[in-house]
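This is what each chain is made of:
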Amino acid sequence: MTENIKFCVFLVASACAGFFCFQSFAFASDYSTPLAGIKIEDKLDFYIGEGVFQKFWVPAPSSTTASDGLGPLFNTRSCNNCHVNNGRGHAPNEKQSGASVPSFLVRLGKSYPALSDKKDRIYPHIGDKRYGHQFQGQSSPGILPEGDYYLTYSTRIETLSDGSQVPLRKPNLHWSSLNYGEFEANTGFTMLVSPALVGMGLLDNIPDEMIMAGADPDDKNNDGISGRVSWIVSDKKKLIGRFGYKASVATLSAQNQSAFNTDLGLSTLLTPSPWGDCTEFQTDCLASPNGNSAHLGNLEVDKQQARLVDLFVSLSSPPTLRNLTSDTFLQGKHIFDESGCASCHTPKMKTGDHSPFAVLNHRTFYPFTDMLLHDMGEELASGFPSFSARPNEWRTAPLWGIGVSEKISGRMGFLHDGRARSIEEAILWHGGEAKQSQEHYKSLSKAQRNTLIYFLESL
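Right, let's walk through the structure included here. Source: prediction; values computed, not measured.

Attention now goes to the side chain of Asp-277. Along the chain, Asp-277 turns up in the loop between helix H5 (252–264) and helix H6 (283–287). For the buried Asp-277, no salt bridge exists, and the shortest N-O distance to an oppositely charged side chain is 8.0 Å, to Arg-107. Separated by 2.9 Å, the side chain of Asp-277 and the backbone nitrogen of His-133 make a polar contact. Setting aside chain neighbours within four positions, we find Asp-277 in contact with Tyr-131, Gly-132, His-133, Gln-134, Gln-136, Asn-261 and Gln-282.

Next comes the structure, spelled out in structure tokens:
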């Protein structure tokens, strides 16, 4: 497929008909393949960055000073452990040790039982005083890990209009050990699987104006969809959140450095604590040696390593759109639009001109997201708000690549906590603003449902 192949989808709506033209790019079907057209020197750095992404870190002190500083508390030893081939993570099996699954995390925050009615209120992410912002079940030698947990699953049956029944599972969190005492009474918990790192550089380069243009917080067009911009405050500046399930991080670099610090316990320029997420109650953690090195700018992940990982993640290619000329694909696209899915999962975006990588500038691409926060209903609510996002609000998940998810990472699990074992289950969990789309899906015939799934698996 060449760079500028175009295809048109003919849509017949109730009141009118029209043509929507898409442009497809020669994206590879591997999330860790570099985008076509990058400069030779960038391609060399891409593979070096991939090496940093995949390498295993070790506790300090160590003879390998470029790779020490892990922990003292951490969730994993390598970025790739959470994002295998840049793919998504998965939830633990029932009663499996949660600490043994690095791609599944438990975030901690304040539950704020009496939320303000102000839609534009920004809630700071304040963690638990003993356990910090994230629960870490791994530790360096001589340091107690924070403990362990396991999940059980409760199941309910969703009945579709043709009588088909789909079991939906919901994860329930149980603590098997807590090594630093009890949580605060108002600590809330949010379970998350590591997301797929698909087309991150493209998402990072969407102009703010394009994201804001899609927002309709007061639903002025009366379509039942009221997407909101996720606003966060960083260094006293108000920025648009783009990354994370709650769109709580403004830039790709900030997202990567936050993961280094919280998931691996490594210091970076933006997150300089060499003890990661340790709290004042974890005194052995704070007294342990660290890997800050003078030749690395008194950091564990220096500016050069952080730059290389940013480049690798930015220039990793989204998968190729498939089956574009198939009648089933075109019929599935029609059902997708008719169901109202495109109201949030906006097919097309275009990058601006602010990226240092020319290949990311002025580029039209198809992530199927509006990058906005939407109410997804109480059944999917998190345990606490995060900046602009209330518990029941989530950033619209990009849909590109979901059809090759299992092929990429060897596992399946959709939605923020991996509860959905199939695309169909994920659709049936939709509530809130997406309830009307969920109900429309339930009303479809089996053949129509299969056609829609075929379309989604082709993205």
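Let's shift gears to empty space enclosed by the protein. All told, the structure shown has 4 cavities of 30 Å³ or more when counted by the stated rule. In terms of lining residues, the largest cavity is bounded by 45 residues, among which His-345, Thr-396, Ala-397, Pro-398 and Leu-399 are the most central. Taken together, the elements giving at least two residues each to the lining of the largest cavity come down to helix H3 (200–204), strand E13 (373–375), strand E14 (393–395), helix H10 (423–428), helix H11 (435–443) and helix H12 (446–457). The greatest single-element share of the lining of the largest cavity, amounting to 4 residues, is contributed by H11. Of the residues assigned to the lining of the largest cavity, the class counts are 29 nonpolar, 12 polar and 4 charged.

Applying the stated rule across the entire model yields 1 disulfide. Free of any disulfide, Cys-79 has its nearest neighbouring cysteine sulfur in Cys-82, separated by 7.9 Å. Looking at Cys-344, it has no disulfide partner, and the nearest cysteine sulfur is the one in Cys-341, 8.9 Å off. A relative accessible area of 12% means that Cys-344 is categorised as buried.

Here we take up the packing of aromatic side chains. A full pass over the atoms with the stated rule returns 20 aromatic pairs. Ring geometry for Phe-183 against Phe-189: centres 4.9 Å apart, planes inclined by 70°, an arrangement best described as edge-to-face. Feature note: the residues Phe-104, Tyr-131, Phe-135, Tyr-149, Trp-175, Tyr-180, Phe-183 and Phe-189 constitute an aromatic cluster, connected by ring pairs. Across the ring face of Trp-429, the terminal group of Arg-156 is positioned such that the distance to the ring centre comes to 4.9 Å.

The rules we used
One numbering rule holds for all chains: residues counted from 1, following each sequence as written. Where totals are concerned, whole chains, interfaces and linings use all residues; where local detail is concerned, this predicted model gives features only for residues with pLDDT of at least 70, and gives and counts side-chain atom pairs only at 80 or more. Derived side-chain values reflect all non-hydrogen atoms in the structure, with water molecules and hydrogen atoms excluded from consideration. For the purposes of this entry, the term helix denotes a DSSP run of H or I that reaches at least four residues, the term strand denotes a run of E that reaches at least two, and both are numbered from the N terminus. Three labels apply to residues, based on accessible area from a 1.4 Å probe with only protein chains included: buried if under 20% of the type maximum, exposed if over 50%, partly exposed otherwise in between. Think of it this way: Lys and Arg go in the positive column, Asp and Glu in the negative one, and His and the chain ends go nowhere. Put simply, a salt bridge is a Lys or Arg side-chain nitrogen that is within 4 Å of an Asp or Glu carboxyl oxygen. Nitrogen and oxygen atoms within 3.5 Å of one another constitute a polar contact, given that in protein one can donate a hydrogen and the other can accept it, and given that sequence-neighbouring residues count only through two side-chain atoms. Contact between two residues is taken to exist if any of their heavy atoms lie within 4.5 Å; hydrogens are not considered. As defined here, a cavity is a set of points on a 1 Å grid over the protein atoms alone where a 1.4 Å probe fits but cannot get out. A pocket is an open set with protein on both sides within 12 Å along at least five of seven lines, and residues line them when an atom is within 4 Å of a point. Grid points are joined across faces, edges and corners, and a volume is the space filled by probe spheres set on the points. Nonpolar residues are Ala, Val, Leu, Ile, Met, Phe, Trp, Tyr, Cys and Pro. Charged residues are Asp, Glu, Lys and Arg, and all others, Gly as well, are polar. Cysteine sulfur pairs qualify as disulfides if the two atoms are within 2.5 Å. Pairs were defined over the aromatic rings of Phe, Tyr and Trp, the Trp ring being its six-membered one, requiring ring centres within 6.5 Å. Orientation was assigned from the angle between planes: stacked under 30 degrees, edge-to-face over 60, tilted for the rest. Throughout this description, the term charge over a ring refers to an Arg CZ or Lys NZ atom that lies within 6 Å of the ring centre and within 35 degrees of the ring normal.

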